[in-house]
Amino acid sequence: MDDLSFFDVVTTTRAIRRYRDEPLPEADLARILFAASRAPSGSNRQPFRFLVLRDGPAATEARALLGDSFRALWAAKRAAEGYDAGSGADPESPKARLAATMQHFVDHVEQVPVIVLACYRRHRDPHPTEGASIYPACQNLLLAARALGYGGALTMWHGAVDGPLHDVLGIPDDVVIGATITLGRPAGRHGPVRRRPLAELVSEDRWGAAPAWAADPPGTRFTSAGPPPPG
Ligand SMILES: Cc1cc2nc3c(=O)[nH]c(=O)nc-3n(C[C@H](O)[C@H](O)[C@H](O)COP(=O)(O)O)c2cc1C
């Protein structure tokens with residue numbers, strides 16, 4: 001898998017939420033976390049810490065907590081964002097298929113090959129930009145996983161069990177769980193990343209003035225922003 005170019009990796013690193021029932025070898029896990037550890041951080045404080053959950057006793061307890069949290073938070077999102085309304089009533093619609101993938105994901109948290117809690121150690125009181133020193137590491141991690149043929153999903157769905165996770169895993173009080181990342185060999189294809197066209201995202205000189213050079217490469221796939229529309 002090492003022969004993927006940087007741009008192949010970037011344009012196919014999608015959120016992967018269905019995994020094959022295969023372990024992730026420790027040598028690959030080490031390479032993935034090495035890539036994460038090379039990320040930049042403010043003042044090079046390197047506040048990122050990675051807590052890997054596999055099948056140890058504490059990890060098993062943590063997975064059970066995460067399973068409950070993932071299911072509760074997805075259920076709330078599913079209702080709030082109307083995944084079952086409008087076209088979502090048709091099981092073949094893109095909206096219903098995304099909901100089915102999400103449901104499968106949260107129903108199998110306990111079996112995901114590897115879960116990484118991407119944490120950071122606070123060096124001052126809570127600050128609006130403090131996450132900025134952990135998320136570059138998370139993206140390095142996801143890109144490295146993709147480069148080695150694995151897939152992952154970065155989630156915030158530990159939110160409902162943050163305190164219990166600290167207790168079960170012995171995470172110090174000054175360490176924040178910034179993201180919960182699932183990892184494994186994808187059950188399906190990676191597929192192309194779809195985003196908005198570059199011209200909608202880039203301006204030059206004045207806000208909103210798209211420069212002619214801001215063109216996507218041929219064959220780029222696009223999608224609108226946000227959760228599926230209500231219809
Ligand atoms: C800050 C952030 C928070 C996210 N939170 C969740 C989450 O809680 N649950 C989840 O399943 N995916 C989560 N994701 C993954 C996004 O849903 C996903 O990257 C986005 O929908 C684009 O899909 P794609 O990466 O497959 O193109 C999150 C991604 C980011 C960057």
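This text follows the structure it describes.
First, a word on what this report is: a plain description of the structure on this page.

Thresholds, definitions, all that
- In every chain, residue numbers begin from 1 and rise along the written sequence.
- It should be noted that, the model being predicted, local features are given only for residues of pLDDT at least 70 and side-chain atom pairs only at 80 or more, the latter also being counted only at that level, while totals for whole chains, interfaces and linings use all residues.
- In computing side-chain values, all of the structure's heavy atoms are included and hydrogens and water are not.
- The axes used here are C-alpha line fits, helices contributing only the stretch in contact, and every angle between their N-to-C directions lies in the interval 0 to 180 degrees.
- Only DSSP runs of H or I covering at least 4 residues are called helices, and only runs of E covering at least 2 are called strands; the numbering of each starts at the N terminus.
- The scheme is simple: roughly parallel for angles under 35 degrees, roughly antiparallel for over 145, roughly perpendicular for 65 to 115, oblique for anything else.
- Only heavy atoms matter for contacts: two residues are in contact if any of them lie within 4.5 Å across the pair.
- Put simply, Ala, Val, Leu, Ile, Met, Phe, Trp, Tyr, Cys and Pro go in the nonpolar bin, Asp, Glu, Lys and Arg in the charged bin, and everything else, Gly too, in the polar bin.
- Three labels apply to residues, based on accessible area from a 1.4 Å probe with only protein chains included: buried if under 20% of the type maximum, exposed if over 50%, partly exposed otherwise in between.
- This arc is taken over the directions from the axis of the helix to the C-beta atoms.
- Throughout this description, the term salt bridge denotes a Lys or Arg side-chain nitrogen within 4 Å of a carboxyl oxygen of Asp or Glu.

The geometry of helix H3 (residues 57–80) relative to helix H6 (residues 162–169) is characterised by a closest axis approach of 9 Å and an angle of 175 degrees between their N-to-C directions. One way to sum up the angle between H3 and H6 is to call them roughly antiparallel. Packed against H3, whose contacting residues are Ala58, Glu61, Ala62, Leu65 and Leu66, the element H6 presents Pro164, Leu165, Val168 and Leu169 at the interface. Looking at the contact of H3 with H6, its residues break down into eight nonpolar, no polar and one charged.

Looking at where Ser69 falls in the secondary structure, it is placed in helix H3. For Ser69, a relative accessible area of 1% translates into the label buried. For Ser69, the contacting residues outside a window of four places in its chain are Trp157, His158, Gly159, Ala160 and Val161.

Because each turn of an α-helix spans 3.6 residues, side chains separated by three or four positions end up pointing in the same direction. Taken residue by residue, H6 has Leu165, His166 and Leu169 as its buried positions. In a view along the axis of H6, the buried residues occupy a sector of 100 degrees, so they form one face of it. Packing partners of the buried residues in H6 comprise strand E1 (48–53), H3, strand E2 (114–121) and strand E4 (175–184). Gly170 lies just past H6 and shows a positive phi near 65 degrees.

The tally for this structure, following the rule as stated, stands at 10 salt bridges. The partner of Arg71 in a salt bridge is Glu110, and the shortest N-O contact between them spans 2.7 Å. With Arg71 in helix H3 and Glu110 in the loop between helix H4 (94–107) and E2, this residue pair connects regions lying 39 residues apart in the sequence. For Arg71, a relative accessible area of 26% translates into the label partly exposed.

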